[in-house]
Amino acid sequence: NEASGLDPSLDVRKWLAANQQKHVALLDRFEIEVRLNRLSNSSLSSPSTKQTLGSSKDRRLVTSRTVSLLRTLIGETRWKNPAQLMGLLRGLGKELHAVGGFREPAIGNVVRRVMAAVREEVMGDDENTAESAQRKSQLSLQSILWAHPQHVRTSSSRGTSGSTQRLDSFSEGPSLEASTASDFPPQFYVNRPDLKQAVMEAIQEIMTDLEDTHKSINEQALSHIHAGEVILTYGQSKTIELFLKAASAKKRKFQVVVCEGAPHFSGHEMAKSLAEAGIDTIVINDSATFAIMARVNKVVLGSHAVLANGGLIAFSGSNMVALAAKNNSVPVVCVTGMFKLCPMFPHEGQDTLNDLLSPSSIIDYSELKDDLMAKVEFINPVHDYIAPELINLYVTNIGAFQPSYIYRLLAEYYHSDDWKSFE
């Protein structure tokens, strides 16, 4: 059919339009919410609901809604083989990244995880066959080349008889196989009617992991929060809030010092919530962090993303807290879900996955009438990058790990060929 002759990785909108028009409208609604930064709000919330820029956002909800979108598009569209499905996922990843998904790395992370599930399903089935076992015992030049597809990605390979053979089951014209013939091994171009069911099961498993994220993290609370400790945290984080409440619910007595998180002061909401749960809570100015750090036993930070080198992207101001903790030899623990694990290195330093907000929350524009103030450059970043040397431990829904182990987790969650698929 018409959809078979289009390449979803190049133009996912045209491919969806040829497949089923309602999917384009579904993608449009999702992209509007990405642009308006409303994915982290409940779908039942009124559009007029106002959210403070510095307040906590449920990144898990962002990921869940992305999984729901992928489940609908994969389940209701017509694709013939794994290569075309991978093209659809890659096209969706690029589309969402282009409209602002880079501000929500969890969106790209879940797309990459589904792509890894497809690769595992296809390659896993192939390895279980007797033919695959025989190929393994005979180390051939072909097996070596397919193990490293980047070595054979040449334009001339598209004109070979091998590529022509893969196109036999497709209509003439530009197709997924024509543009990605060197991206996948031959088994990705074989029709797999059973693949959709396997992929849908993998997506359901991802959704179940997301639903159990907080529960799995909270079960570890008593292992990291001890009686009589003074815990310092910065701003507001839903994950940390539930983590501390879980420890308190199990009769563990401790004190929490909350940095207010200027200029949006989300720490006030955090402190109020903890106090209502019966936790001894103190709110301090951000500028008092270094002074009080000597009395703190442990720093607990939230996250926006965990990078490939073990570094952390967290709320603006968190780097100051981590540096103060390092100076006073206070351990820094990051509590986060694995869906925030991002296959990206901080090549841009503090600008990695960062954005700048209006300085109006820092200074009133009327004060800029002064000639001296008009020469001052005001920078109001959303996030901070924290180097892995400043982080002692990551507490996740699958266990606790040091920053040096993050790279190993990336290999388990994502395929290396998909790390930069959306850029």
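A. Quick look at the nonpolar core. Ranked by size, the top nonpolar core spans 42 residues in total, and within it Ile 74, Leu 85 and Leu 89 carry the most contacts. Counting only elements with at least two residues in this core, the list comes to helix 1 (12–19), helix 2 (21–35), helix 3 (59–76), helix 4 (82–98), helix 5 (105–127) and helix 10 (195–211). The element best represented in this core is helix 5, accounting for eight residues. Ignoring any residue separated from it by four or fewer positions in sequence, one finds Leu 89 in contact with Leu 70, Ile 74, Val 111, Val 114, Met 115, Val 118 and Phe 422. Formed by 35 residues, the second largest nonpolar core is a distinct cluster that contains Met 338, Leu 341, Ile 391 and Tyr 413.

B. Region of interest: the confidence of the model for the chain. The share of residues in the chain with pLDDT of 70 or more is 80%, and the mean pLDDT across the chain is 82. Here residues 1–5 is modelled with pLDDT under 50, and outside its nearest four sequence neighbours on either side it reaches 16 contacts, counting other chains as well. Every residue in residues 42–56 is under pLDDT 50, and counting partners more than four places away or in other chains gives 19 contacts.

C. Expanded view of the pairing of strand 7 (residues 332–335). A two-sided burial pattern is seen for strand 7, the buried positions comprising Val 332 and Cys 334 on one face and Val 333 and Val 335 on the other. Pairing analysis gives three bridges linking strand 4 (residues 298–301) to strand 7, with the strands arranged parallel. Counted as the bridge partner of Leu 301 is Cys 334 from strand 7. In this structure, strand 7 lies alongside strand 9 (residues 393–396), joined through three bridges in parallel fashion. Within the sheet, the bridge partner assigned to Val 333 lies in strand 9 and is Leu 393.

D. The sheet that holds strand 5 (residues 305–306), seen in detail. Taken together, three strands build an open sheet; the order of strands is 5-6-8 and the sheet is antiparallel. At either end of the open sheet lies a strand with only one pairing partner, and these are strand 5 and strand 8 (383–386). Looking at chain direction, strand 6 (residues 312–315) and strand 8 are connected through four bridges and run antiparallel. By the bridge assignment for strand 8, Phe 315 is matched with His 383.

What counts and what doesn't
Residues numbered from 1 in each chain as written. Predicted model: local features only at pLDDT ≥ 70, side-chain atom pairs only at ≥ 80, totals over all residues. Heavy atoms only, no water. Core = buried A, V, L, I, M, F, W, Y, C linked by side-chain atoms within 4.5 Å. Buried < 20%, exposed > 50% of the residue type's maximum accessible area, 1.4 Å probe, protein only. Helix = DSSP H or I, 4+ residues; strand = E, 2+ residues; numbered from the N terminus. Contact = heavy atoms within 4.5 Å. pLDDT = per-residue confidence, 0-100. Pairing = 2+ DSSP bridges.

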